[in-house]
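# Residue-level structure breakdown
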Amino acid sequence: MNIRLNGTERSVADGASVSTLVSQLTGRSIGPDGRAADGGKLGVAVARNAEVVPRSQWHATALADGDDVELVTAVQGG
Amino acid sequence: MNETTLAGTPAVPVTGAVADPFVVDGVELSSRLIMGTGGAPSLDGLGAALVASGTELTTVAMRRYSPAETGSLFQLLEDQQIRVLPNTAGCFTAKDAVLTAELAREALETDWVKLEVIADEHTLLPDAVELVDATEQLVARGFKVFAYTNDDPVLALRLENLGATAVMPLGAPIGTGLGILNPHNIELIVSRASVPVVLDAGIGTASDAALAMELGCDAVLLATAVTRAQNPVLMGEAFKHAVIAGRLAKKAGRIPRREHALASSAMEGRAEFL
């Protein structure tokens, strides 16, 4: 299936969870609580169809075809 | 040896500024300088400037994750143990600002947010109507709102009454370096506020920051003035001292302005030359 990730079309496995997507993109293993398995901070957040998905829900939230996903992090800014 | 002056009155101890923390939302910060991270050409340079400025709180923006450039800013702030104040820069509506704040809270695990809702890209001035709306919504959602606002005493008080944690009036439009265009309004905002007032935006050089503190502001927030200075590290250090100097001057109480000169040397006892 296809989703839009940060404004670009992306193909993901059917039924993939938000957690799987974040793990793929960050290259970090993510536990069921939505935290990095390595104990470090991830520093990212996810909005799905303009609603924030709390990290505690990443594991349980399955993506659907056509979802619009934004993955954001902190960058330099005044 | 710094304990007394010649006149026998207690001197300001050299640690005076540290003993006078900036308290916001129950958190004590020893520096009254909040430094933004925007505008720095390199992360290394930014890190050095942040350290030189002595800041303990810095703003960041929330943007789309890009694998190539991730981790480093976040890591830099972790390493330096600088607290993060995410902003909602680039938001033109309350709706966008609220969603951005929610993302920041989730990503950075802080409920502090520098609320920035701007009207247009030309002026970057706050949109008062959207700002009020967003403040109300964010306070209701449990955020600690640091509201970036116009230098409008009426609006500042309204934001405070809506539950803002701090009000942050601009000195001049973002990035202009024009200093404090309406010192009278800043003084008025300070005199009526019971939450911290942070002078935010428009600072050009150290004396602007000192003036903000002399006007009674609790802290100063700036980014461009340091990150785009010819020597950001030196400028960061300059601001560190400027904020301390302005704060001490405010507490010390300046002399009144006079129309005419007032000699400080006694006229009595002068030698007479015939």
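I will try to describe carefully the structure that is included in this document. (Residues numbered from 1 in each chain as written. Chains lettered and ligands numbered in written order. Predicted model: local features only at pLDDT ≥ 70, side-chain atom pairs only at ≥ 80, totals over all residues. Heavy atoms only, no water.)

Now for the overall build of chain A. Scanning chain A from N- to C-terminus turns up one helix and five strands. Listed N to C, the secondary structure of chain A is β-β-α-β-β-β in terms of helices and strands. The globule rule puts the C-alpha radius of gyration for 78 residues at 12 Å, and the 12 Å found for chain A is close to it. Along the first, second and third principal axes, the C-alpha atoms of chain A reach 35 × 30 × 20 Å. Residues classed as buried in chain A amount to 45% of the 78 residues present. In chain A, the share of contacts with a sequence separation of at least 24, taken over all contacts with a separation of at least 6, comes to 46%. When the accessible surface of chain A is summed, it comes to about 3600 Å², and 46% of that surface belongs to carbon and sulfur atoms. One finds the centroid of the 7 positive side-chain charges in chain A at a distance of 10 Å from the centroid of its 9 negative side-chain charges. (Helix = DSSP H or I, 4+ residues; strand = E, 2+ residues; numbered from the N terminus. Rg over C-alpha atoms; globule rule 2.2 N^0.38 Å. Buried < 20%, exposed > 50% of the residue type's maximum accessible area, 1.4 Å probe, protein only. Contact = heavy atoms within 4.5 Å. Areas by Shrake-Rupley, 256 points an atom, 1.4 Å probe, with all protein chains shown as cover. Lys, Arg positive; Asp, Glu negative; His and termini not counted. Charge placed at Lys NZ, Arg CZ, Asp CG, Glu CD.)

Residues and elements named next belong to chain B. Here Ala 164 shows up in the loop between helix H5 (153–161) and strand S8 (166–169). For the pair formed by Ala 164 and Ile 186, sequence separation is 22 residues and the distance between their alpha carbons is 17 Å. Excluding anything up to four places from it in sequence, Ala 164 contacts Thr 135, Val 139, Val 145, Ala 147, Leu 159 and Val 195.

Located in the positive-phi region is Asn 49 of chain A, a residue other than glycine, with phi close to 50 degrees. Tracing the chain through its elements places Asn 49 of chain A in the loop between strand S3 (44–48) and strand S4 (51–53). Despite not being glycine, Ala 201 of chain B has its phi angle at roughly 85 degrees, a positive value. Residue position: Ala 201 of chain B is located in the loop between strand S9 (198–200) and helix H7 (206–214). Residue Ala 201 of chain B is classed as buried on the basis of its relative accessible area, which comes to 10%.

This brings us to the packing of aromatic side chains. Residues and elements named next belong to chain B. In total, this model carries one aromatic pair over all chains according to the counting rule given. When the ring of Trp 112 is compared with that of Phe 146, the centres are 5.1 Å apart and the planes differ by 45 degrees; the resulting orientation is tilted. Here Trp 112 is found in strand S6 (residues 112–115), whereas its partner Phe 146 is found in strand S7 (residues 144–149), with 34 residues between them in sequence. Trp 112 gets classed as buried once you look at its relative accessible area, which sits at 3%. Since its relative accessible area comes to 0%, Phe 146 is described here as buried. If you follow Arg 83 out to its NZ or CZ, it ends over the ring of Trp 112, 4.9 Å from the centre. Above the plane of the ring of Phe 143 lies Arg 105, whose end atom (NZ or CZ) is 3.8 Å from the centre. (Phe/Tyr/Trp six-rings, centres within 6.5 Å; stacked < 30°, edge-to-face > 60°. Lys NZ or Arg CZ within 6 Å of the ring centre and 35° of its normal.)

Attention now goes to the sheet that holds S8 of chain B. All names here are of chain B. Read from one edge of the open sheet, three strands run S6-S7-S8, paired in parallel fashion. This sheet does not close on itself; its edge strands, each paired only once, are S6 and S8. Recorded for the sheet is a direction-independent mean angle of 15 degrees between the axes of neighbouring strands. Pairing of S7 with S8, which is carried by four bridges, proceeds in the parallel orientation. Each bridged residue has a counterpart across the sheet, and for Thr 149 the counterpart in S8 is Pro 169. Sheet strands touched by helix H4 (residues 128–140): S6 and S7. Its angle to S7, the strand with the most contacts, is close to 170 degrees. (Pairing = 2+ DSSP bridges. Axes fitted to C-alpha atoms, helices over the stretch in contact; angles between N-to-C directions.)

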